[in-house]
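Residue-level listing of the chains:
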Amino acid sequence: MNTNSRYDAVIIGAGIGGLTSASLLAKEGLKVLVLEALGRVGGCCSNYDFGGFRPEVGAVFVIMKDLYNNYFELVERRIEDYIDFKLLDPVYDIVLEGGERYLLPKDFEAMADVVRTINPADLDGYHRYCKDMKKIWDQQTAAFSLPMPPLKDVYSIKTLTRMIFNRKMVPAMPVITRMASRNMDTVIKSYFKDDRLQLIFGWENLYAALPVHRANGLFSMFTYLGHEGYYYPKGGMIAIPKAMARICEEFGVELRLNAPVKRIVLKNGKATGVEMNSGEVIESKVVISNTHSRVTYLNLVGAENLPSWAVKTVRRQPCSLPAPTFYLNMKEKIGARAHFTILLNQRRKFDDLWWEFYDRGLLYRADDGPMMVSVPSFDDASLAPKGKDTLSAIYIAPYKLKYHNWDDIALDWAWEMAYSLERRAFPGLTSKIEAIESVPPTRLERTLNVPEGAFFGLEMNGTNMGPFRPFYRSRLVDNLYLTGQCTNPGGGVPLVMISGIIMSSILINDWRKM
């Protein structure tokens, strides 16, 4: 085996968590190497080339954009010099079973008109919903608008106390407590009585990659966030990790693409570097893993190097729902009315989908399932050839099928879903298809190295949050640190960015003791 020169930190994975950590640590003077198995940065926040079209991989829009400012403040850069964001309005084009269709505007009063059209009796519930959600929004905005302290102080008790217990916390606390102690389904029904409005304000549990009855009530805030502003970066979602990779380069980070890691090298219970698939061994003082916790511990560290209780714990933590997707290259524009088109079924059918089909490893009839359709070329024409559209659709399906093998049926099922999309939302769609690609959970697992195709990492529910998630500083291997969607606060681009910031703060404080 060839042994390379020593680094201060080797980071496995050039996703958002890895790039956040790399840039912050390099700014502090550490010699950092980032190793990425794929030929592009971003991991689950990226775009890829599909026959001249550039659809998204994973993340499809920017939520809570102000959180990005905290990272750019820490690296002493202006976000507008790196990323050009476009506000999404309308937020969604909602298609209900039976053909009812509603454009959801960003403006709160305009949205009230939509609620009035559907069921005037729920207008009071809508205003209560907005009033309560704004209390939480104001608390979060106040917390994250504070000036960022030096990196070493980010994870201090003083900083966390100052952020959490600001003056906006008093009115927000009763709402947070009530929502956090209930599931999302119960919270939404406390505001809306009409089944259609319960769906419109209660389907975004899918962003948490959980069925509505298992999603914490705090996820009820998602629809409100869209009215505060969803954004899309020019050039696609990959513009975010590209900007971060550029900042890494400015701080002297070495980034290697197409560089898969075989294992984390251990010596006397400590991580001392990594071994590449090529056989090259790279030494480092610390190793940071931006991969799924199962991959980190069971594959890279190796189950044989861990106590049996730890192996059982890692295996027992449930993954989030997979996000199977099919991609369509369109010969012409499809007439989309918004960046996102959401197809929803009757409330009962939507809820029953989980235990009647998903939990049993069964596929439902294509017309009976929800779909989240993204047309990024609606807001950025550069993502598709002139006069054409790129389209992706995420749907619900289990990782393990009871009667089928995903690799055998993936393409046929994508066509079934495309025909369903044509019937329900876009007449004539299939005649305009130039190419189709199906990415089932098994392919997500192989391509992105996410167990069970779960690119949200671990389930984000009460028993897998806070102290129950893997900690940033490994409790099992010395000099091993973790960042990414399996650590706190959870999956999603801004949350993973926070993970990278906190992990870097912890490491910088540990560094002085090493």
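The structure under discussion appears in the preceding block.
Residues numbered from 1 in each chain as written. Predicted model: local features only at pLDDT ≥ 70, side-chain atom pairs only at ≥ 80, totals over all residues. Heavy atoms only, no water.

(A) Spatial organisation of the overall build of the protein. Looking only at helices and strands, one finds 16 helices and 18 strands in the protein. Counting only C-alpha atoms and orienting by the principal axes, one finds that the protein spans roughly 65 × 55 × 45 Å. Split into buried and exposed, the 514 residues of the protein put 61% on the buried side. Within the protein, residue pairs in contact and separated by at least 24 positions form 73% of the contacts whose partners lie at least 6 positions apart. Carbon and sulfur atoms provide 52% of the accessible area of the protein, an area that totals close to 20500 Å². The positive charge centre, built from 62 side chains, and the negative charge centre, built from 57, are 5 Å apart in the protein. (Helix = DSSP H or I, 4+ residues; strand = E, 2+ residues; numbered from the N terminus. Buried < 20%, exposed > 50% of the residue type's maximum accessible area, 1.4 Å probe, protein only. Contact = heavy atoms within 4.5 Å. Areas by Shrake-Rupley, 256 points an atom, 1.4 Å probe, with all protein chains shown as cover. Lys, Arg positive; Asp, Glu negative; His and termini not counted. Charge placed at Lys NZ, Arg CZ, Asp CG, Glu CD.)

(B) Examining the packing of helix α11 (residues 293-302) against helix α12 (residues 308-316) more closely. Viewed as axis vectors pointing N to C, α11 and α12 meet at an angle of 145°, and their least axial separation amounts to 10 Å. The chirality of how α11 crosses α12 is left-handed. The segment α11 lies against α12, with Ser293, Arg294, Tyr297 and Leu298 engaging Val311, Val314 and Arg315. Here the contact of α11 with α12 is composed, by residue class, of four nonpolar, one polar and two charged. (Axes fitted to C-alpha atoms, helices over the stretch in contact; angles between N-to-C directions. Left-handed = near helix turned anticlockwise from the far one by under 90°. Nonpolar A, V, L, I, M, F, W, Y, C, P; charged D, E, K, R; others polar.)

(C) Seen up close, the pattern of salt bridges. Counted under the stated rule, the structure contains 33 salt bridges. For the salt bridge of Arg337 with Asp93, the shortest nitrogen-to-oxygen distance reads 2.9 Å. Of this pair, Arg337 sits in the loop between β13 (325-330) and β14 (340-344) while Asp93 sits in strand β6 (residues 92-96), and the two are 244 residues apart along the sequence. Residue classification places Arg337 among the partly exposed positions, given a relative accessible area of 35%. (Salt bridge = Lys/Arg side-chain N within 4 Å of Asp/Glu carboxyl O.)

(D) Looking closely at the nonpolar core. Ranked by internal contacts, the top residues of the largest apolar core, which has 155 residues, are Val32, Tyr92, Phe201, Tyr230, Phe326 and Leu421. Element by element, the count of residues in this core is highest for helix α16 (residues 493-511), at eleven residues. Those residues in contact with Tyr230 that lie beyond four places of it in its chain are Phe61, Val62, Ile63, Lys86, Leu87, Leu88, Val91, Tyr92, Glu204, Tyr207, Phe222 and Leu225. One finds Ala259, Ile264, Leu300 and Ala310 within the second-largest nonpolar core, a separate group that totals 25 residues. (Core = buried A, V, L, I, M, F, W, Y, C linked by side-chain atoms within 4.5 Å.)

(E) Up close: the sheet that holds strand β15 (residues 371-374). The strand order β7-β6-β14-β15-β16-β13-β17 describes an open sheet built from seven strands, whose pairing is mixed. In the strand order of this sheet, the two ends are held by β7 (101-104) and β17 (433-439), each with one partner. With direction set aside, neighbouring strand axes in the sheet form an average angle of 20°. Note: β6 against β7, four bridges, orientation antiparallel. When the bridges of β7 are listed, Val95 appears paired with Arg101. Each of β6, β13, β14, β15, β16 (389-395) and β17 touches helix α14 (residues 406-424); the most contacted strand, β17, lies at about 130° to it. (Pairing = 2+ DSSP bridges.)

(F) Expanded view of the pairing of β14. β14 sits mainly inside the fold: five of its five residues count as buried. Every second residue of β14 is oriented toward a common face, with Phe340, Ile342 and Leu344 on one face and Thr341 and Leu343 on the other, all of them buried. Two strands pair when backbone bridges link them, and β6 and β14 are joined in this way by four bridges, in the parallel orientation. Paired with Ile94 across the bridge in β14 is Ile342. With four bridges joining them, β14 and β15 adopt antiparallel strand pairing. Residue pairing for β15: Leu343 is matched across the bridge by Met371.

(G) Representation of the packing of helix α3 (residues 108-118) against helix α4 (residues 123-144) within the structure. Remark: α3 packs on α4, axes separated minimally by 9 Å, with the N-to-C direction vectors making an angle of 150°. Between α3 and α4, the angle falls in the class roughly antiparallel. For the element pair α3 and α4, the recorded crossing hand is right-handed. Judged by residue contacts, Phe108, Glu109, Met111, Ala112, Val115 and Arg116 of α3 engage Leu123, Tyr126, His127 and Cys130 from α4. In the contact of α3 with α4, the residues fall into seven nonpolar, one polar and two charged. (Parallel < 35°, antiparallel > 145°, perpendicular 65-115°, else oblique.)

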